[in-house]
Amino acid sequence: MPALPLDELQLTERDPKTGKLRTLPALHPEIKADRSFVLYKPPPAIRDPALVEEFLERAKFIADDLNWLLALPHDKFWCQVIFDETLQKCLDSYLRSAPRKFDALWDCHPEVNELQKCLHRSVFLTFLRMSTHKESKDHFITPSVFGKIIYNNFLFDIPKILDLCVLFGKGNGLLLQKMIGNIFTQQPSYFSDLDETLPTVLQVFNNILHKCGLQSEGASAEPQKLEEKVSVTPGTMPLQELKDIVLYLCDTCTTLWAFLDVFPLACQTFQKHEFCYRLASFYELAIPELESAIKKRHYEDNSVFADLWRRISHSRKKMIEVFHTLINQVCLQPILESSCENIQPFIEEFLQIFTSVLQERRFLRDYDELFPVEDDVSLLQQASSALDETRTAYILQAVESAWEGVDRKKGQAGKDPAASNGASVIVESTPEDGEDPGAACALEDECAGAAAAPVARVSGVELDSLISQVKDLLPDLGEGFILACLEEYGYDTEQVINNILEDKLVPYLDKLDRRMQRQLKPDPTPLVSSRYNVFQNDEFDVFSRDAVDVSRIQKGKRREKDTTRSLVNDKRLVAEQRERYSQYSVVVEELPLEPGAAQDYEDYEDEYDDTYDGNQVGANDADSDDELISRRPFTIPQVLRPKGQEEGQETEEEDEEEEEEAEKERTKDHFVQDPAVLRERAEARRQAFLARKGHKHDSSAVVGNAKGHGQNRETVQERRKKEANKSTRANHNRRAMADRKRSKGMIPS
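Note that the structure is a prediction, hence the values are computed from the model and not measured. (Residues numbered from 1 in each chain as written. Predicted model: local features only at pLDDT ≥ 70, side-chain atom pairs only at ≥ 80, totals over all residues. Heavy atoms only, no water.)

## Let's talk about the pattern of salt bridges
- All chains considered together, the criterion is met by 23 salt bridges.
- Its salt-bridge partner being Arg-22, residue Glu-30 comes within 2.7 Å of it at the nearest N-O pair.
- Taking relative accessible area as the criterion, Glu-30 reaches 49% and is therefore assigned partly exposed.
- Note on Arg-22: relative accessible area 21%, which makes it partly exposed.
- Notably, a salt bridge pairs Glu-348 with Arg-391, separated by 3.0 Å at the nearest N-O pair. Within this pair, whereas Glu-348 is found in helix α13 (residues 344–356), its partner Arg-391 is found in helix α16 (residues 389–402), the two being separated by 43 residues in sequence.
- In the salt-bridge network here, residues are joined through shared partners; they are Glu-291, Arg-316, Arg-362 and Asp-366. (Salt bridge = Lys/Arg side-chain N within 4 Å of Asp/Glu carboxyl O. Buried < 20%, exposed > 50% of the residue type's maximum accessible area, 1.4 Å probe, protein only. Helix = DSSP H or I, 4+ residues; strand = E, 2+ residues; numbered from the N terminus.)

This is how it looks when you write it as structure tokens:
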């Protein structure tokens, strides 16, 4: 059974008052738990123990309540979110009061920082779950009903969405894009709310101009009264009021940029109110006045000046990026995605926007420094061949005229604000402002969310590579100066090269010697004293002794003294053995006999009795040494023989070897036998096998009688059977296969 959506689900429970069963919808006020959420207050600006303890206690309560809320099941979570007003007030207080990235930094207690991060994450997860209408296939809300719930119960509105973008946009951009996109998709009424909110945003710019004693064109339809005199200007207003205006402007610009960065689809709604023209007009009026007031004012503390200049520079960059985002989403992006037939309205919109801001010379210079107008016009020329060259040339000429009298300095142009890393780029003030910014510094990455991470420090081979990249283009610079520039600009070689060439380095880098060399940090443990290996302090260790026996050092392959060839050629042992065996030459082949003894063997006696000559008398007796020597005398080994004796005995040994080979030849069993013999043996084995199986093959029936004597019936049948089956073997079916090839056209007839 498919699961029902939460808005259609009915729960059966017992009434606590009457005890009877009743059926209630899953989203009902009585299901809400009684829990009171406290309001959020920002961390204390000073390290007062009482204030720190108060913040920790309050933040701990909120964090525990939000963790309890996130752990609730799907139905109870939504009942608590919809019907608990204290929860909504708690979340609203956090969005309004949570510290932004560009707020003044203070020395907080470590426990305060840790708890603030935990609370920051819990708030984000709560809004993330509130913007999800389907948690799983069993827990979901109908999309149309979900849009009504979040809209009618004010769970989300335009101010909340703007605060969510500025608080969580940088570190959690992808999740926030899905959140805001789902909210506007399920409830299109938020587009109309945004349309009604934009006049209020434009009124913020008018209020700033009014506070500064300035007035934009068309800001008010009422004429100014004669008795009203402008008495307050940015240069004469109190310092605290100037700081409030700069902070207000910085907060507004950063929030607008963060929202358009997360949700670019809102750009069409912004442009309906001619936001590009109003923004450029405000920039042209307010920014030069505020910069001049900040630079000309005398400060007791230089950190105040640095903070104000950092905020105003950050505001300038964000306004330029907002303008570029609108141009990109309203005009350029549709041109890249549309066909040639549909791009003409977008080209016309682009030309109209730039035509309307051509009189804002200061704005044009700063915009062209970051995002060259010439690149956008070149894109239009590539996209359309019917582009009005007169209007584009007029726009480019106006941009060029805005740079007249000013050193043209191209900054680092970002391709898309959505891809910007948030690094602040200080746009140089023009001679119209009168003075150099001096202690101006770049603002750090803004809007860091819960997942933001600091930039890693570069070292080793990677750092050497970055230094060589800069040195290849600017060989006159020292490595020490290049290293200091890389550390200042976050190891961005392009920005370092650009700022050096355009002379835009921060003051302390400008004061450094440009030929300064890199100072290598000495190793606290020298290599010689810290080496430990198996060869330490041996006879060849030059680090521990001054004199080394060079004769003990072998260069190249070592030549062995006693090799196999040298041992074979050494005949000293043979000479010694020959001298030893020469002593045995006293042994002769025949025994010497006494003169009278030889007659007993040579004389024949006729009266000799040969009756027992056939008997082997004494055949099994052990022979004496003398008898063995007389039969086979001692022989000197061939190695020890003189050359004359060796030749005489070689013939005898050859004869003996021939006799032995002949003997072996007679008894040798040939490995390769006669094939005829092998066939006879195989046929015999086959016949024996058939005999065991009881098969008797008689080929006489096929042979039959002699020709002319007639054949019996059995012979005729055997011959017919052989003729019919002979095609299954050998090569007797050649005619049939030839006919088959000819029928298929493979052989020409």
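## Description of unusual backbone geometry
- Here the phi dihedral of Phe-154 falls at roughly 55 degrees; this positive angle occurs in a residue that is not glycine.
- As for its placement among the helices and strands, Phe-154 is situated in the loop between α5 (143–152) and α6 (158–168).
- The class for Phe-154 is exposed, based on a relative accessible area of 59%.
- The phi angle at Glu-274 is positive, at roughly 55 degrees, despite the residue not being glycine.
- Within the fold, Glu-274 resides in the loop between α10 (267–271) and α11 (275–296).

## What about the nonpolar core?
- In this structure, Trp-78, Phe-259, Phe-270, Phe-275 and Phe-323 are the most contacted members of the largest nonpolar core, which totals 125 residues.
- No other element matches helix α12 (residues 302–337), which puts 14 residues into this core.
- If sequence neighbours within four positions are ignored, Trp-78 has contacts with Leu-6, Leu-27, Arg-129, Met-130, Thr-132, Ile-141, Phe-146, Ile-149 and Leu-155. (Core = buried A, V, L, I, M, F, W, Y, C linked by side-chain atoms within 4.5 Å. Contact = heavy atoms within 4.5 Å.)

## Here we look at the packing of helix α3 (residues 85–97) against α6
- It is the contact of α3 with α6, at a shortest axis distance of 10 Å, that shows an interaxial angle of 55 degrees. Taken together, the axes of α3 and α6 are oblique relative to one another. Seen from above, α3 lies across α6 with left-handed handedness. Here Gln-88, Asp-92, Tyr-94 and Leu-95 of α3 come into contact with α6, specifically with Lys-160, Asp-163, Leu-164, Leu-167 and Phe-168.
- Of the residues belonging to the contact of α3 with α6, the class tally is five nonpolar, one polar and three charged. (Axes fitted to C-alpha atoms, helices over the stretch in contact; angles between N-to-C directions. Parallel < 35°, antiparallel > 145°, perpendicular 65-115°, else oblique. Left-handed = near helix turned anticlockwise from the far one by under 90°. Nonpolar A, V, L, I, M, F, W, Y, C, P; charged D, E, K, R; others polar.)

## Topic: the pairing of strand β1 (residues 10–14)
- Where β1 meets strand β2 (residues 21–25), five bridges bridge the pair, whose relative direction is antiparallel. Residue pairing for β2: Gln-10 is matched across the bridge by Pro-25.
- Between β1 and β2, which follow one another and run antiparallel, lie six residues, and Gly-19 among them has a positive phi close to 80 degrees. (Pairing = 2+ DSSP bridges.)

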